[in-house]
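Listed below, chain by chain, are the residues.
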Amino acid sequence: MWLERVASWADRLWGPPLRALQGLVEQLGAHLLLLWSVFRWAIRPPYRLAVLLEAMVFIGFESLPIVLLISLFVGAVFALQLSSALRTFRAEAFTGATVGLALTRELAPVFTSIVVSARAGAGMATELGSMRITEQIDALATMAINPLQYLIVPRVVAGTLMVPMLTMLFNCVGMLGAYIVSVGVQNVDKGVFLANARWLLDPNDITQGMVKAVVFGCVLTLIACNQGYNASGGAKGVGVATTRAVVGSFVTVLILDYFMTDMWLTFFNRAARG
Amino acid sequence: MLQTRLEWQPPDEDATVPSEEWHIRVRGVQKTFGVHHVLRGVNLDIARGKINVIIGGSGQGKSVIMKHLMGLLKPDKGQILVDGEDIVPLSDYNLNRVRRKFGMLFQYAALFDSLNIEENIVFPLVEHGDPDSDQTPDPKTGKVPKKRFFSRAELHKIAVTQLDKLALPQVLLQKFPAELSGGQRKRVGLARALVMKPKILLYDEPTTGLDPVSTKNVDDMIRDVSREHGVTSVIISHDMASTFRIGDRISSLYSGRIIESASPQQIQQTRHRWLREFIGTSGVVPMAPVPEDQLIADDPPDVAPGAKR
């Protein structure tokens, strides 16, 4: 009798977090299996270039205006805050270099992924979810077309290719925003701004950001496609899938960012970790 | 006193041998979703070149059977033999080979929202090429000839021809599915299913939600397609008027099993109590009188063993 009470009490205390953990592990497994399936089907013909290009336009080209707008203001506000703080140490000349480091290593890949996830990820989850509940995905299967190969592979490949390109543009326009604010508003000498930026930034910083962008691009499209593809429960189910796609992408990108940064800095043994 | 349930028994022959009479044969298929034991040992024979109708109450598993026929679902147990080949153990890659024999009309047509009507109709041709392409390997070199793909002009012509055959106006070609009525969407869905010249056509409740005139038009369309193309048709329906109007063979699903499978005339003489009530309630099909003591009582559907009730 007392054992049952203890068991019941333990279940109430530990049950929900353990079940949540179990759910997380199941989700991780499902996504890894999907990634493996995407890889297997990506290397098999037919190669649908038109579908891939369409996905690249949707994810990359159509996200461009918002990515550029955000990058301009992110660079600008960062420069504003940094120059104000660095002025305390009479080091405002390092604004450009610091913003450049922050952009290339962190801000560009993370913000780009968040923007793409919110825009394109939500769109993909909604589209695939609607296709699922209206049996369009089943219709593809009945026509001897593998739905995963037709719908998910082009989107994941497109995301993996386009997010790094958008990230590079984010870097450039972000630096432009920082330059405008530092030189135009905060009166930092433009020669000093550029010289310090060139001195502190090196290809390793850009590479770090690009590697992150590749991984984030793959992950966010995978999550969005998985949620939409497995949606159920009518219109409400599509809404739930879209919300999960966006929130899941955000959280995963931020968690991955931490671990990738830790691995990268450990591997390259940068002085910055001191 | 009511007799115990009798299920339809398939003929005692090797189902793995391709048959002239039977196109698809289902043996002992079971499927459970969670605690719901939907299919509990389904045996079913689909007659080649005929209109086969599967009837049953709502939620009995008719659509589940249909999805199994095409390999969209895999059974927990049992065999599904298409021209003698068991499709259950096939991989997705190999299933695609079998699926090329099939065409399917979904309940709400399942047209692709992002494509216009012309693009929807020719979509399978864009993906798979000319279904009449000779794919016989060269006897000297062993090489398979390259598949022929249609030009844009040819695809347009095919789309126009398909619309004409199904009495749809050409003006629909540039419209999108959301702009069409339910009946028009079904016809376009059928046009898309027919372009690859399938040997087997599946219809998932083709007349649900249609007015009586549209229902009759869809029935006529199914019958014409079956006769003209010699296609084996499998229809899921609980529309008794349509079933008895066009069906060559009717199979009844109840409690996860096929309890009766026969011609419409034989079905009207069924001794299954539930089936008599199911058909008789429609008021469109008279049932032959059967003495009470010869009726068969069918057990109600239940849940999987061990599950909580």
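Residues numbered from 1 in each chain as written. Chains lettered and ligands numbered in written order. Predicted model: local features only at pLDDT ≥ 70, side-chain atom pairs only at ≥ 80, totals over all residues. Heavy atoms only, no water.

All right, on to the overall build of chain A then. Within chain A, the secondary structure is distributed over 9 helices and 0 strands. Across the 274 residues of chain A, 47% fall into the buried class. Partitioning the contacts of chain A with sequence separation of at least 6, the portion at a separation of at least 24 is 84%. Summed over its atoms, the accessible surface of chain A is roughly 14,100 Å², and 72% of this surface lies on carbon and sulfur atoms. (Helix = DSSP H or I, 4+ residues; strand = E, 2+ residues; numbered from the N terminus. Buried < 20%, exposed > 50% of the residue type's maximum accessible area, 1.4 Å probe, protein only. Contact = heavy atoms within 4.5 Å. Areas by Shrake-Rupley, 256 points an atom, 1.4 Å probe, with all protein chains shown as cover.)

Now for the nonpolar core. Counting residues in hydrophobic clusters, the biggest one holds 90 residues, and the most contacted among them are I152 of chain A together with I24, V42, I65 and L202 of chain B. Here the element with the most residues in this core is helix α6 (residues 147–185) of chain A; it accounts for 13 residues. Dropping the residues within four chain positions of it, I65 of chain B is found in contact with L39, V42, L44, I54, L253 and I258 of chain B. (Core = buried A, V, L, I, M, F, W, Y, C linked by side-chain atoms within 4.5 Å.)

This part covers the side chain of D45 of chain B. Residue and element names in this part refer to chain B. Topologically, D45 is positioned in strand β2 (residues 36–47). Taking relative accessible area as the criterion, D45 reaches 0% and is therefore assigned buried. Side-chain polar atoms of D45 contact the side chain of R25, separated by 3.3 Å. Apart from residues no more than four positions distant in its own chain, D45 is found in contact with W8, P10, P11, W22, I24, R25, V26, R27, N52 and R249. (Polar contact = N/O pair within 3.5 Å; in protein donor to acceptor, adjacent residues only side chain to side chain.)

Among all positions of helix α2 (residues 92–99) of chain B, only L95, N96, V98 and R99 of chain B are buried. The buried residues of α2 of chain B all sit within an arc of 160 degrees when viewed along its axis, so they share a single face. Elements in contact with the buried residues of α2 of chain B: α5 (136–142) of chain A together with β4 (77–82), β5 (85–86) and β6 (102–105) of chain B. (Arc of directions from axis to C-beta.)

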